[in-house]
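# Results of the structural survey
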Amino acid sequence: MDRSLKIALGSFAVSLAVLAIKYAAYWMTGSVALFSDALESIINVVTALAVIVAVKIASRPPDEQHPYGHHKAEYLSAVVVGAMIVGAAVAILHEAYNGFLAPKAIEAPMIGLAVSGVATLINIGWSYVLIRQGRRYRSASLVADGKHLLADVVTSRGVLVGVVLVVFTGIVVLDAGIAALVALHVLWSGWGVIRESASGLLDEAAPAEEVALIKSIISQNATDAIEAHALRTRHAGVATFIDFHLVVSTEMTVGIAHDICDRVEAALKKAIEGAIITIHVEPENKAKHTGIVVI
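Predicted, not measured: the structure shown is a model, and the values here were computed from it.

### Digging into the packing of helix α1 (residues 3-29) against helix α2 (residues 32-58)
- Interhelical geometry of α1 versus α2 gives an angle of 165 degrees and a closest axis separation of 8 Å. Judged by the angle between their axes, α1 and α2 are roughly antiparallel. Remark: the crossing between α1 and α2 carries left-handed chirality.
- Looking at the contact of α1 with α2 residue by residue, the class counts come to 20 nonpolar, 6 polar and 3 charged.

The following block contains the structure:
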């Protein structure tokens, strides 16, 4: 089984466990703030399912209808995750509004806080696993899921502090106020996930340091050519698409030009995992022999 898929399945299991724990905390206390925290965890479960589907689709090999592969499924999934986070924020705002209209005292707060604290600790650990492994395997879905959980951790901490304030001050309406603040934080988190993932759907270029590495590798391994130009890169999930023009002498045979391309491709694939390379070979026209120059 693909490593990213294993992590996604693990995320679903963790999300279910955390949801059960947080709902138990709400059931014990009746707190609107804790209910908002539990409501966000429902979204965690749904997004974990979306990540599983996206990772499975993205891992499919290229086919006749999708000759460049299915890598962008992960970016699409991440946008859906972001939209779900925004939806959770709206639902939490609705509950906060009801809490303002009819505030209720919190029951058994200390037990509820302890139970919710356990769920928060689980989310802290798992969010860092998702973000670290997602970046390692260049999985946009896993990174988005991890950031969502990290936002959940921040909101959970705010909720815990808010419930403590309600208990010690006796100001019951603070419970709904904390829920509203949670909603605003969740809304901002959802927008961030959508914005970051949309750039992948729009064929964003590889990071500057990776582009610099690509140029260096071409320069070192295409010494028999005249120059390389028109370099373009884009990321799509685990794949990095690289294409450029390679200018060679008009006297060079096709076989030698092909050998240069093979050497460059091998070096790029060794340095950049998931590299998919296209090289357009051009005969020398009026270009001066100045060595390899990547533009």
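Text resumes after the structure shown.
### Quick look at the side chain of threonine 29
- Residue placement: threonine 29 occurs in helix α1.
- For threonine 29, a relative accessible area of 2% puts it in the buried group.
- Reaching out from threonine 29, the side chain makes a polar contact with the backbone nitrogen of serine 31 at a distance of 3.2 Å.

### Looking at a positive patch on the surface
- On the surface, a cluster of positive charge is made up of Arg3, Lys6, Arg132 and Arg136.
- Among the elements of the structure, α1 and α4 (109-136) are those that each provide at least two residues to the positive patch.
- Counting through the fold element by element, arginine 136 comes out in helix α4.
- On the accessibility criterion, arginine 136 (53% relative accessible area) is exposed.

### Considerations on α4
- In this model, α4 (28 residues) spans 40 Å end to end at C-alpha, consistent with the 40 Å of a helix rising 1.5 Å per residue.
- Backbone geometry just downstream of α4 places arginine 138 in the positive-phi region, at approximately 50 degrees.

### Things to note about the side chain of serine 31
- Mapped onto the secondary structure, serine 31 falls in the loop between α1 and α2.
- Among the polar contacts listed, one links the side chain of serine 31 to the backbone nitrogen of leucine 34, at a separation of 3.2 Å.
- Dropping the residues within four chain positions of it, serine 31 is found in contact with Tyr26, Ile106, Val163 and Asp175.

### What about the confidence of the model for the protein chain?
- Of all residues in the protein chain, 95% have pLDDT values of 70 or greater, and the mean over the chain is 81.
- Helix α8 (residues 254-271) holds the highest mean pLDDT among the elements of the protein chain, 93, whereas α2 holds the lowest, 77.

Definitions and cut-offs
- Residues numbered from 1 in each chain as written.
- Predicted model: local features only at pLDDT ≥ 70, side-chain atom pairs only at ≥ 80, totals over all residues.
- Heavy atoms only, no water.
- Axes fitted to C-alpha atoms, helices over the stretch in contact; angles between N-to-C directions.
- Helix = DSSP H or I, 4+ residues; strand = E, 2+ residues; numbered from the N terminus.
- Parallel < 35°, antiparallel > 145°, perpendicular 65-115°, else oblique.
- Left-handed = near helix turned anticlockwise from the far one by under 90°.
- Nonpolar A, V, L, I, M, F, W, Y, C, P; charged D, E, K, R; others polar.
- Buried < 20%, exposed > 50% of the residue type's maximum accessible area, 1.4 Å probe, protein only.
- Polar contact = N/O pair within 3.5 Å; in protein donor to acceptor, adjacent residues only side chain to side chain.
- Patch = residues over 30% accessible without salt bridge, like charges linked within 9 Å, V, L, I, M, F, W, Y side chains within 5 Å.
- Areas by Shrake-Rupley, 256 points an atom, 1.4 Å probe, with all protein chains shown as cover.
- Salt bridge = Lys/Arg side-chain N within 4 Å of Asp/Glu carboxyl O.
- Lys, Arg positive; Asp, Glu negative; His and termini not counted.
- Charge placed at Lys NZ, Arg CZ, Asp CG, Glu CD.
- Expected span 1.5 Å × (residues − 1).
- Contact = heavy atoms within 4.5 Å.
- pLDDT = per-residue confidence, 0-100.

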